[in-house]
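Chain by chain, the residues:
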Amino acid sequence: DTGVSQDPRHKITKRGQNVTFRCDPISEHNRLYWYRQTLGQGPEFLTYFQNEAQLEKSRLLSDRFSAERPKGSFSTLEIQRTEQGDSAMYLCASSYHFDEQYFGPGTRLTVT
Amino acid sequence: AQSVSQHNHHVILSEAASLELGCNYSYGGTVNLFWYVQYPGQHLQLLLKYFSGDPLVKGIKGFEAEFIKSKFSFNLRKPSVQWSDTAEYFCAVNAGNAGNMLTFGGGTRLMVKP
């Protein structure tokens, strides 16, 4: 049973550097979501794709953040000029249309 | 914008005790409701969901939740908890026109003492 996978699982970077995360959804799922979770909080929605189209972006997604899903398969989330406030767990989820979302293990980002 | 409140941040129970975790949401339209669980060191997993129909929903591992529309609530219950239920529990809402994005509550950390 192949679930949602994310890479890397952990990333430590210095402030000002760019980072990129990858998410591979469950193969037949057409929707892919990115969330961010900070310590002691629930996940917060960032953006989602239906196939290759990015249909919604949260106000949390500043200009330094960009997400892509070329060919409607895997997705990448890039953060440019990282700040300490970007330190969080970045979660990816996928679903088939409006069905339940399946979450990956997350990428924990630490900005020093 | 919709929001979700989980009033119990930390709950400590002994094994065999009954559990009820509160979840209230603010949105006046059609909603889909979920409870997710995160066991230590693991990723979020779906416990149960409500889309429509019977407001009493049964999920995995003996959990159930009741949707009370008039109270904007979707409380999670289990009659007898086990040590293995120690985890963090998240209530989430998807408003009918929100493109399937989930809005999560802040989570409830449950510790079950053996």
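Preceding this paragraph is the structure being described.
Residues numbered from 1 in each chain as written. Chains lettered and ligands numbered in written order. Predicted model: local features only at pLDDT ≥ 70, side-chain atom pairs only at ≥ 80, totals over all residues. Heavy atoms only, no water.

Asks: Is there a simple way to explain the packing of aromatic side chains in this structure?
Replies: Aromatic rings considered in pairs are described by the distance between their centres and by the relative angle of their planes. Evaluated as defined, the whole model comprises 18 aromatic pairs over all chains. Geometrically, the ring pair formed by A:F21 and A:Y90 is tilted, given 5.4 Å between the ring centres and 40 degrees between the ring planes. Placement of A:F21 in strand β3 (residues 19-24) and of A:Y90 in strand β9 (residues 88-95) is noted, with a sequence separation of 69 residues between them. Taken individually, A:F21 and A:Y90 each receive the classification buried, so the pair is uniform in this respect. One aromatic cluster is present, built from ring pairs that chain together A:Y33, A:Y35, A:F45, A:Y48, A:F103, B:F34, B:Y36, B:F51, B:F90 and B:F104. It is A:R22 that lies over the ring of A:F74; its NZ or CZ is 3.9 Å from the centre. (Phe/Tyr/Trp six-rings, centres within 6.5 Å; stacked < 30°, edge-to-face > 60°. Helix = DSSP H or I, 4+ residues; strand = E, 2+ residues; numbered from the N terminus. Buried < 20%, exposed > 50% of the residue type's maximum accessible area, 1.4 Å probe, protein only. Lys NZ or Arg CZ within 6 Å of the ring centre and 35° of its normal.)

Asks: Please clarify how the nonpolar core should be interpreted in this entry.
Replies: Most often, soluble globular proteins keep nonpolar side chains buried together rather than apart. Ranked by internal contacts, the top residues of the largest apolar core, which has 28 residues, are B:L33, B:W35, B:L47, B:L48, B:F74, B:L76 and B:Y89. Only β2 (10-14), β3 (19-21), β5 (31-38), β6 (45-50), β8 (64-68), β9 (73-78), β10 (87-95) and β12 (108-113) of chain B provide two or more residues apiece to this core. Excluding residues within four positions of it along the chain, B:F74 makes contact with B:C23, B:L33, B:F34, B:W35, B:L48, B:Y50, B:A65, B:E66 and B:F67. If you look at the next biggest cluster of nonpolar residues, it comprises 19 residues, including A:L32, A:L61, A:L77 and A:L109. (Core = buried A, V, L, I, M, F, W, Y, C linked by side-chain atoms within 4.5 Å. Contact = heavy atoms within 4.5 Å.)

Asks: Would you explain the pattern of salt bridges in this entry?
Replies: Charged atoms that come close allow side chains of opposite charge to pair. All told, the structure shown has nine salt bridges over all chains when counted by the stated rule. Of the charged contacts in the structure, one is a salt bridge between A:R64 and A:D86, with a shortest N-O distance of 2.8 Å. Of this pair, A:R64 sits in the loop between β6 (53-57) and β7 (65-68) while A:D86 sits in the loop between β8 (75-79) and β9, placing them 22 residues apart in sequence. You'll find A:R64 and A:D86 in the same group, each marked buried. Here the residues in one salt-bridge network are B:K58, B:E64, B:E66 and B:R77, joined through shared partners. (Salt bridge = Lys/Arg side-chain N within 4 Å of Asp/Glu carboxyl O.)

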